[in-house]
Amino acid sequence: MMNRGSFLFVESNTTGTGELLMKRARVLGFEPYLVTRNRARYPFLKDSVAHVIEAETRSPDELIGVAAKLRRLEGIYSSSDYFVEAASRVATAMGLPAPNPEAIATCRNKWKQAAELQRQSITIPETRLATSIRDAENIVAQASLPVVVKPVSGSGSSGVRLCDSATAAIKAFESAKDVLLNQVDLPSPDILIQQYIEGKEYSAEIIACDGALHCLGILAKHKGAAPCFVEVGHDFPAPLPEPFLQELASFAAGAVSALGLKFGPAHVEFVITESGPVIIEVNPRLAGGMIPVMLSHALGTSILDMVIRLYAGEGFKPPRASARAGAIRFQLVRKSGKLKRLGFSRNPDSTVREAGLLKSEGEEVQINGDFRDRVAYAIGVADELNAAAAAAQRMIDSIVIDVEAATEESDDKQVAGSSQSKWNLHPEAMKLLASPIEISRDGRLLRHQATIDEAHLVMLADQGLVSQAAAADLLKHILDLQDEGFQSLEGRDAPRGVYLAYEAELAARAGREKAGWLHLARSRNDLNATISLLVLREAACSISQGIGTAQDALLQRVEEASRLVAPLYSQYQIALPGSPGHYLLGIFFALGRERQRLHCLLEDIRNCPMGAGAGGGTSMPIDPLKTANLLGFELPSFNSLDAVASRDHHLQALSLFAGVSILLSRVAQDLQVWTTRESALIDVPHNLAGGSSMLPQKKNPFLLEHIKGSASTAIGAYVSAATAACKAPFSNSIEASNYGCSPLSLAEEALKRAITLTSLMVKFMSFNVRSMRENLEDGSSMTAVAAERMASRGIPFRNAHTLIGEIAERLSQDGCVAERRRELASHLADVLPASLEECRDALRFGGGPAKKSTADQVSAAKTLFRDTQLKWAVMRERWARAEMHRKQRVKELIDKHQGT
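Small disclaimer: the values here were computed from a predicted structure and weren't measured.

## Regarding a nonpolar patch on the surface
Here is step 1 of the chain: Side chains of Ile 662, Ile 715, Tyr 718 and Val 719 sit close together on the surface and give an oily, nonpolar patch of about 310 Å² of accessible area.
Here is step 2 of the chain: Among the elements that make up the nonpolar patch, the one with the highest residue count is helix H23 (residues 703–726) (three residues).
Here is step 3 of the chain: For Ile 715, a relative accessible area of 35% corresponds to the partly exposed category.

## Structural notes on the pairing of strand E6 (residues 147–151)
Each regular strand shows side chains that alternate between the opposite faces of the sheet.
Here is step 1 of the chain: The buried count for E6 comes to five of five residues, which makes it a mostly enclosed element.
Here is step 2 of the chain: In this structure, E6 lies alongside strand E7 (residues 161–163), joined through three bridges in antiparallel fashion. Along E7, the bridge assignment pairs Val 148 with Leu 162.
Here is step 3 of the chain: Across five bridges, the pairing between E6 and strand E8 (residues 191–195) is antiparallel. What sits directly across from Val 147, in E8, is Gln 195.

## Some details on the side chain of His 599
Here is step 1 of the chain: Tracing the sequence through the fold places His 599 in helix H19 (residues 580–604).
Here is step 2 of the chain: Note on His 599: relative accessible area 1%, which makes it buried.
Here is step 3 of the chain: A distance of 2.7 Å separates a polar atom in the side chain of His 599 from a polar atom in the side chain of Ser 544.
Here is step 4 of the chain: Not counting residues up to four positions away in its chain, the partners in contact with His 599 are Ser 544, Thr 868, Lys 871, Trp 872 and Met 875.

## Looking at helix H10 (residues 291–299)
Here is step 1 of the chain: The buried fraction of H10 amounts to eight of the nine residues, a majority that puts the element mostly inside the structure.
Here is step 2 of the chain: Of all the residues in H10, the buried ones are Ile 291, Pro 292, Val 293, Met 294, Leu 295, Ser 296, Ala 298 and Leu 299.
Here is step 3 of the chain: Phi turns positive, to about 75 degrees, at Gly 300, one or two residues after H10.

## Focus on the pattern of salt bridges
Here is step 1 of the chain: Enumeration over the complete set of coordinates arrives at 56 salt bridges.
Here is step 2 of the chain: The salt bridge involving Glu 56 is made with Arg 37; its shortest N-O contact spans 3.3 Å. Taken together, the residues Glu 56 in the loop between strand E3 (51–54) and helix H2 (60–68) and Arg 37 in the loop between strand E2 (31–36) and E3 connect sequence positions 19 residues apart.
Here is step 3 of the chain: The partner of Arg 789 in a salt bridge is Glu 838, and the shortest N-O contact between them spans 2.9 Å. Highlighted residues: Arg 789 in helix H27 (residues 783–792) and Glu 838 in helix H30 (residues 836–842), separated in sequence by 49 residues.
Here is step 4 of the chain: One continuous salt-bridge network, built from bridges that share partners, spans Arg 346, Arg 444, Arg 447, Glu 538, Glu 748 and Lys 752.

## Some words on helix H14 (residues 439–462)
Here is step 1 of the chain: Helix length check: H14, at 24 residues, gives a terminal C-alpha distance of 32 Å against a target of 34 Å (1.5 Å per residue), a fit within 8%.
Here is step 2 of the chain: Here H14 lies mainly inside the structure; 19 of its 24 residues are buried.
Here is step 3 of the chain: Immediately beyond the C-terminal end of H14, within one or two residues, lies Gly 464, with a positive phi of roughly 75 degrees.

## Brief notes about the nonpolar core
Here is step 1 of the chain: If you look at the biggest cluster of nonpolar residues, it comprises 114 residues, and the most contacted ones within it are Tyr 502 and Leu 591.
Here is step 2 of the chain: Considering every element that reaches this core, the biggest residue donor is helix H18 (residues 524–562), with 17 residues.
Here is step 3 of the chain: The contacts of Tyr 502, once residues within four sequence positions are left out, are Leu 446, Gln 449, Ala 450, Asp 453, Ile 478, Leu 481, Phe 486 and Leu 489.

## Overview of the environment of Met 294
Here is step 1 of the chain: Here Met 294 lies in helix H10.
Here is step 2 of the chain: Here Met 294 falls in the buried class, since its relative accessible area comes to 0%.
Here is step 3 of the chain: Residues Met 294 and Ser 12 lie 282 residues apart in sequence; the distance between their C-alpha atoms is 19 Å.

## Structural notes on the confidence of the model for the protein chain
Here is step 1 of the chain: The predicted model of the protein chain has a mean per-residue pLDDT of 87, with 94% of residues at 70 or higher.
Here is step 2 of the chain: Contacts for the low-pLDDT stretch residues 407–423, under 50 throughout, to residues beyond four places or in other chains number 19 contacts.

## Some thoughts on the packing of aromatic side chains
Here is step 1 of the chain: Evaluated as defined, the whole model comprises twelve aromatic pairs.
Here is step 2 of the chain: For the pair Phe 251 and Phe 270, a centre-to-centre distance of 6.1 Å together with 80 degrees between the ring planes defines the contact as edge-to-face. Taken together, the residues Phe 251 in helix H9 (residues 242–258) and Phe 270 in strand E12 (residues 264–273) connect sequence positions 19 residues apart. Taken individually, Phe 251 and Phe 270 each receive the classification buried, so the pair is uniform in this respect.
Here is step 3 of the chain: Each member of the aromatic cluster is reached from another via a ring pair, and the members are Phe 7, Phe 9 and Phe 30.
Here is step 4 of the chain: Above the ring of Phe 330, the side-chain terminus of Arg 374 is found at 4.3 Å from the ring centroid.
Here is step 5 of the chain: It is Arg 537 that lies over the ring of Phe 633; its NZ or CZ is 4.9 Å from the centre.

## A look at the sheet that holds E3
Here is step 1 of the chain: Strand order across the open sheet formed by four strands is E3-E2-E1-E4, with parallel pairing between neighbours. Single-partner strands in this sheet number two, and they are E3 and strand E4 (73–77). This sheet shows a mean twist of 25 degrees between the axes of neighbouring strands, independent of strand direction.
Here is step 2 of the chain: As judged from the four bridges shared by strand E1 (residues 6–10) and E4, these two strands associate in the parallel manner. Paired with Phe 9 across the two strands is Tyr 77, which belongs to E4.
Here is step 3 of the chain: Its contacts with the sheet put helix H11 (residues 303–311) on E1 and E4, and the angle it makes with E4 is roughly 120 degrees.

## Considerations on the sheet that holds strand E17 (residues 364–365)
Here is step 1 of the chain: With antiparallel pairing, three strands are arranged side by side in an open sheet as E17-E15-E19. Looking at strand neighbours, the two that pair on one side only are E17 and strand E19 (399–404), the edges of this open sheet.
Here is step 2 of the chain: Relative to E19, strand E15 (residues 337–344) runs antiparallel, the two sharing six bridges. The residue of E19 that forms the bridge with Lys 338 is Glu 404.

Cut-offs applied
Throughout, a residue's number is its position along its own chain's written sequence, starting from 1. Per-residue local features of the predicted model are confined to residues with pLDDT of at least 70, and side-chain atom pairs are confined, for both listing and counting, to 80 or more; whole-chain, interface and lining totals are unaffected and use all residues. To get the side-chain values, take all heavy atoms of the structure and skip hydrogens and water. For patches, a residue must show more than 30% relative accessible area and have no salt bridge; joins then use 9 Å for like charges and 5 Å for nonpolar side chains, namely Val, Leu, Ile, Met, Phe, Trp and Tyr. Residue-level accessible areas treat just the shown protein chains as cover; the underlying method is Shrake-Rupley with a 1.4 Å probe. Salt bridge, as used here: a side-chain nitrogen of Lys or Arg that lies within 4 Å of a carboxyl oxygen of Asp or Glu. The helix count covers DSSP runs of H or I at least four residues long, the strand count covers runs of E at least two residues long, and both are numbered beginning at the N terminus. Each residue is assigned to one of three classes by its accessible area relative to the maximum for its type, calculated with a 1.4 Å probe on protein chains only: buried under 20%, partly exposed between the two thresholds, exposed over 50%. Only strands that DSSP links by at least two bridges are regarded as paired with each other. We call two N or O atoms a polar contact when they sit within 3.5 Å, provided that within protein one can donate a hydrogen and the other can accept it, with sequence-adjacent residues counted only if both atoms are side-chain atoms. Note on contacts: a residue pair is in contact if any heavy atoms of the two residues lie within 4.5 Å. Helix span is expected to be 1.5 Å times the residue number reduced by one. What we call a nonpolar core is a set of buried Ala, Val, Leu, Ile, Met, Phe, Trp, Tyr and Cys residues that are connected through their side-chain atoms within 4.5 Å. Each residue carries a pLDDT value, the predictor's own confidence for that position, ranging from 0 to 100. Note on aromatic pairs: the rings of Phe, Tyr and Trp (six-membered ring only in Trp) are paired at centre separations within 6.5 Å, and the planes decide the class, stacked below 30 degrees, edge-to-face beyond 60, tilted for the rest. The rule is short: NZ of Lys or CZ of Arg within 6 Å of the ring centre and within 35 degrees of the ring normal puts a charge over the ring. Axis definition: a line fitted to C-alpha atoms, limited for helices to the stretch in contact. Angles are taken between N-to-C directions and run from 0 to 180 degrees.

The following block contains the structure:
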């Protein structure tokens, strides 16, 4: 791309949009420069995202000197709160587009901002300025608690604390003075003490250009636990009526206008109270927290590009309104120490547009109570907000995080759930059957365990079987365990299974008396049966998604491949002229039936075993339908014994997995033959093949062998599960519940590998057009059509078949292909097709490879694919709604009893 000039960034965010802005500037054709006084603050600079100039960025004169030396400087911008004013002053001095520096200065000083907003009758919290402990003491003595303490020039919730006592407020005042010194080496002597406004928090994302204010959207905020104000999520658009969203956009724009901001982005934070919205603060910059990235995905246009172009003098074109919804979720670190492990335990699905890590393994982390506590993020985008939010949350829930604290806390080794100490497994037996917990292996089970606990506790609280306060406290600890990725259980002995070790950890956190209520009206039997169905549902859904990806790859190649002519084989012998597209469509429809069977299985998983207890139900007046609905099931089980004994769904799933694996293995066998030198119908790229350690001329398509080999694992898993269950009693039993279900993960992993490799092969293999034709040029493959044409003229087909067969036998095998074709044509001049294409296109009945028939098949395939994708999405959305509803109920319980 042609160099459009230089673009100067004055300092930057250390994570998120700062790095991305520089990368986007380069993509747009600008040469990005970063001026900084300390390049060590930016780990991303090792990737050479920008030219680095070291200078004193707190000095406007020095910054102007730096800017003056850059050739063809087109724009100046800062993504850092602390340097937006400096950037605007330098840009103004250089005659480049910029906001009014004085307006930026007023806005950045939250005390001056509050005074200006109040002067212009914009509703804000009651705000006081404290420059000394005496000031703080006097203000708190007169204020109505709780109050919020924050630095006048802070950012990213740094130093912001909710204080419900005078002592807490004074302590927050003292720590807030130094918080910016630790981050950007800037003093913060002035501290605000504000009235705490209760209500749901929102933000408005606005871009000003030529005095006009454009609201990109209203977002709903999710905050972490008090007393901090760490943002842990954002939803777009905020789930509010459209007319109200428009009113809020006008309200936020009014605050921006009141502060004199007529150019550039603004991030407006406000709370909606019973009496209306209240401005918390206006920030003269792009939103942080990956909001611009999420909005870019949801709106279908890059917000970062808009800002760069705006500051480069290219104006601003508002994005078109989008029907798509977006959500961001963050993972926070829960304790200080060294990050031993950090990563996602699942791959993002199609709804998760981005997921990334904000910290690195080996890095020292410290709980600060602000944006620095975030270690990972996930962005979901979908047609419905609930689906986008659920997808982002699922991704965040899969985080595996292990922080090595300075002082290790001792584990509670006592086995929970046993009132007697005699149930201590023999060490040799424990070594064989109860290995220590590994999150990489047991994380999914623990995640589903916690999910069931949420539903069970909500139900028990609603039924009055457990106090709401006790349920809320337990739920808080369960959420903490989920947020931590269950890392406190890593390496924990589990002599009586993972569940009891998990329960012991909860007991250590919440107290044994309170934790003892968790297992009321349930057994490990119905618990394990429910976990097994949740695991199965997740696995089948994942396989369905994979099949959809493979079908999409097939459809993408069909149009190109249908125009070609290729042999159609029968028993490894050339039968007729066909096309690669005809073959790919055949695989598509076969996969489609397997996927429909999977969806029938998923629809049949309707009954939730929770409530069945050990197999005989319970005497407690539970509401199993509520538990079922909170877990995404339609109904409870009708028979308690059936609920804990049956594993038919698992056997059916394993049978289906084996069926898909067999189909893919057959495809891989064909492709492997077609890559041989003798056939040479297709070729695979070097990055999907391997060489020989001895033979330099060989190119081995070995991934096809992995596809074929994966089938053995899936088939073996079915046989293993069926064998385990066939002699098990019809009640809860280890054979059925453990050995009958555990092969599922092996089959799932093997099948997903086969599907992914097949998709890659289909997507990137190339067709050898010349070889495909050469195998057909002698005309023998067209004789079947010639015989049918003779039959259409009144000659009995068997007579025509015999006659042409005799002619074919007499053809000279010593002559060249062209000679055999001419000789055949001389005997069958009036019935032999004139070309391979004519012959192929004559095969248009019975689903043949003709152009007309193929067009009909493609149309049917696209309809089938669309309908199947929709059904898959509807099922996913139903489970996502259940998850959102459960999380909402959990939040309501916790919020109701916060602090009790």
